[in-house]
Amino acid sequence: MPTLQQLVAPDDPMLRALRLGNHQFPGIWNHMMPREFLGLKLPDERRATCMNCPKSCYEDYRPDYRCCTYHPKVPSFLLGLASLTPSGEKVIQKLIDTSALLPEGMHHAPAQWVDYLDDLEHESFGKSQKVLCPNLEVETGYCMIHAFRNSVCSTFYCYKDHGDLGDAFWGHVQTLGSQLEMALGQWSLEAVGFDLLGYFKTFDRLARRMQDVSRPDGGWQKEALEQLWGSWAGRELELMRACASVIVEQKDNLWDIANSYQIKESKAFDKAMVKSVPKRLKDQVDPEDLDEEDAEAARPRELWLQLLKSYHKLWDLPEGYYHLNPRVVLSVNEQADASEKYYAANPFCLSFFTRKDGKTLDWRQFLTAPQKELLDLFRDEAHQLDWRFLMRDEIKKVPQLKEFLTEMLAQKVLIKRVYH
Ligand code: SF4
Ligand code: SF4
């Protein structure tokens, strides 16, 4: 069997982030996602400016980790691909050294999950002292496996241009990506001869002594790791690369493989994990972790159809008459504070208050002159967003007009006029 290095040339797009619109996804998404995904018009998500993170600049997230106060699950095949890059190799070694690597890939131990729930309980996400992703390079703030990160990391935006609709859309992308990663991760392990059934039986046994599974300082206990790795212990990198190799070899069949593969799990271990959560944190457990015994994972093709439904809602111009929400104030960008200065190229400011004539600001956004002129049209008059409106000369200057209108609708800047 050819080695991963023989299969993947240093300039292979799989080793680089895939750029779609404003976004960067893992290179493997070129092959793993349905072909049509690559042609979707994705929301820009201009508010989530990660390298000038609004959550740390204007709120209380820690500036070094920002939203990376989280332990993602990264499948082995992605880590195997990452291992062909200098920082990816470092990450794998660090995961081995900190006992955070399972045959399935990077995987938090039960105690680390409890720490995460504790952060949620204390609203410490983004501020955590204990749940910090080891893949972040603190000196630069960059993710060391950026082109190989998992679908949760790849689709997380703290603020969304399209509000709840955007939230639903990215949620569907994330679910589809996670399901594909899980199916392909497990399939690749079996394809290279790893005893996956035996692995989950080991988890079933570990479920009976949860107290021995996690280390007090985080990570998996040595003994648990030895049992889970079995004959692959000491050959972790070899396994990651072998998984990546079969994924690369089957890159044109990944969608069909994932759709026909039955994901496996240890229900006993998952149940024991939930049971091990202290009573005070039970409310933070995601209801999905309490799934019914025999609930079957949805197939990627079903998830794709759900994704498409939410995608169409993102860009739909609805019927009816729309006017400017009275909670909105349009003003000049005074360039007085840091945020106003950062958006100096946008001369106007849209402020959205919690109620009409209120003083409490909910959020704000900076506008170009044509965008402001467009919103001015809705101040005193309601308009139908039909072909006549789209043909008006004064709004033709707005770049990406439809995108801007749908964003304003989703953010409730433009609201439907109700006639009695
Ligand atoms: S997604 Fe994360 S890093 Fe990016 S702007 Fe939001 S909190 Fe900051
Ligand atoms: S894998 Fe990368 S993007 Fe994801 S939490 Fe870690 S550092 Fe952040």
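The structure presented is a predicted model; accordingly, all values stated were derived computationally and were not measured.

Q: Quick rundown of the overall build of the chain? Include the residues and the values.
A: On a plain count of helices and strands, the chain comes out with 18 helices and 13 strands. Burial status across the chain gives 34% buried among its 420 residues.

Q: So what about unusual backbone geometry? Which residues, and what values?
A: The phi torsion at R66 lies on the positive side, around 50 degrees, for a residue other than glycine. Mapped onto the secondary structure, R66 falls in the loop between helix 3 (54-57) and strand 3 (74-75). Take R66: there are 19 C-beta atoms within 10 Å of it, and that puts it in the partly exposed class. With a phi close to 55 degrees, Q335 is a non-glycine residue in the positive phi region. The residue Q335 is located in the loop between strand 9 (328-332) and helix 15 (338-342) in this model.

Q: Lay out the domain arrangement of the chain in plain terms, naming residues and giving numbers.
A: Examined at the domain level, the chain breaks down into domain 1 (4-314) and domain 2 (321-416). On a C-alpha basis, the centres of domain 1 and domain 2 stand 37 Å from each other. Domain 1 puts nine residues into the contact, and the matching count from domain 2 is seven residues. In terms of residues, the side of domain 1 that touches domain 2 owes the most to one element, helix 8 (residues 163-191), which gives three residues. Among the residues forming the side of domain 1 that touches domain 2, the class breakdown is four nonpolar, four polar and one charged.

Q: Go over the sheet that holds strand 3 with me, naming the residues and quoting the values.
A: An order of 3-5-4 is seen for the three strands of this open sheet, with the pairing classed as antiparallel. On the outer flanks of this sheet lie strand 3 and strand 4 (101-102), each paired with one strand and no other. Note that strand 4 and strand 5 (residues 105-106) share two bridges and pair antiparallel. In the strand pairing of strand 5, L101 is matched with M106.

Q: Any details on the site of ligand 1? Residues and values, ideally.
A: Taken together, the neighbourhood of ligand 1 is formed by A48, T49, C50, C53, P54, K55, Y61, R66, C67, F156, Y157 and C158. Here the residues of the shell around ligand 1 are counted per class, giving nine nonpolar, one polar and two charged.

Q: Help me get a handle on the environment of L20, residues and values and all.
A: With respect to the secondary-structure elements, L20 resides in strand 1 (residues 18-20). For L20, a count of 17 C-beta atoms within 10 Å translates into the label partly exposed. L20 sits 20 residues away from L40 along the chain, and the two C-alpha atoms are 8.6 Å apart. In this view, L20 contacts F25, L38 and L42; residues no more than four positions away in its chain are not counted.

Q: Which residues make up the environment of A82, and what are the values?
A: Tracing the sequence through the fold places A82 in helix 4 (residues 76-82). C-beta crowding within 10 Å serves as the criterion here: with 26 such atoms nearby, A82 is assigned to the buried category. Sequence separation of A82 and G105 is 23 residues, and the distance between their C-alpha atoms is 12 Å. With near-sequence residues (within four places) excluded, A82 lies in contact with G88, V91, I145 and F148.

Q: Break down the sheet that holds strand 12 (residues 383-384) for me, with residues and values.
A: The strand order 12-8-13 describes an open sheet built from three strands, whose pairing is antiparallel. Each edge of the open sheet carries a strand with a single partner, namely strand 12 and strand 13 (414-416). Judged from the two bridges that link them, strand 8 (residues 321-324) and strand 12 form a sheet pairing that is antiparallel. In the sheet register, Y322 faces strand 12, and the bridge partner there is H383.

Q: Lay out helix 16 (residues 369-376) with the relevant residues and their values.
A: Taken residue by residue, helix 16 has Q371, K372, L374 and L375 as its buried positions. Down the axis of helix 16, the smallest arc covering the buried residues is 160 degrees, so these residues share one side. The inward-facing, buried residues of helix 16 abut strand 8, strand 9, strand 10 (348-353), strand 11 (361-367) and helix 18 (401-410).

Q: Could you give me a rundown of the packing of helix 8 against helix 11 (residues 236-249), with the residues and numbers involved?
A: Helix 11 packs onto helix 8 with a crossing angle of 105 degrees between their chain directions and a minimal axis gap of 9 Å. Relative to helix 11, helix 8 is oriented roughly perpendicular. The segment helix 8 lies against helix 11, with L184, S188, L189 and A191 engaging C243, V246 and I247.

Q: Break down the pairing of strand 10 for me, citing the residues and quoting the values.
A: Two strands pair when backbone bridges link them, and strand 9 and strand 10 are joined in this way by five bridges, in the antiparallel orientation. In the sheet register, V332 faces strand 10, and the bridge partner there is F348. Bridge analysis of strand 10 against strand 11 gives six bridges, and the strand direction is antiparallel. Across the sheet, residue F348 finds its bridge partner in strand 11, namely L367.

Q: Go over helix 5 (residues 86-97) with me, naming the residues and quoting the values.
A: With 12 residues, helix 5 should reach 16 Å at 1.5 Å per residue; the first-to-last C-alpha distance of 17 Å fits that figure. Regarding helix 5, the residues found buried are G88, V91, I92 and L95. Around the axis of helix 5, the buried residues are gathered within 95 degrees of arc, so they sit on the same side. Opposite the packed face of helix 5, turned more than 90 degrees from it, sit the exposed residues P86 and D97. Contacts from the buried residues of helix 5 go to helix 4, strand 4, strand 5 and helix 11. Of the residues trailing helix 5, S99 is marked for its positive phi of about 55 degrees.

The rules we used
- Residues numbered from 1 in each chain as written.
- Chains lettered and ligands numbered in written order.
- Predicted model: local features only at pLDDT ≥ 70, side-chain atom pairs only at ≥ 80, totals over all residues.
- Helix = DSSP H or I, 4+ residues; strand = E, 2+ residues; numbered from the N terminus.
- Buried ≥ 20, exposed ≤ 12 C-beta atoms within 10 Å, placed from the backbone.
- Domains from an automatic or database assignment.
- Contact = placed C-beta atoms within 7 Å.
- Nonpolar A, V, L, I, M, F, W, Y, C, P; charged D, E, K, R; others polar.
- Pairing = 2+ DSSP bridges.
- Near = placed C-beta within 6 Å.
- Arc of directions from axis to C-beta.
- Axes fitted to C-alpha atoms, helices over the stretch in contact; angles between N-to-C directions.
- Parallel < 35°, antiparallel > 145°, perpendicular 65-115°, else oblique.
- Expected span 1.5 Å × (residues − 1).

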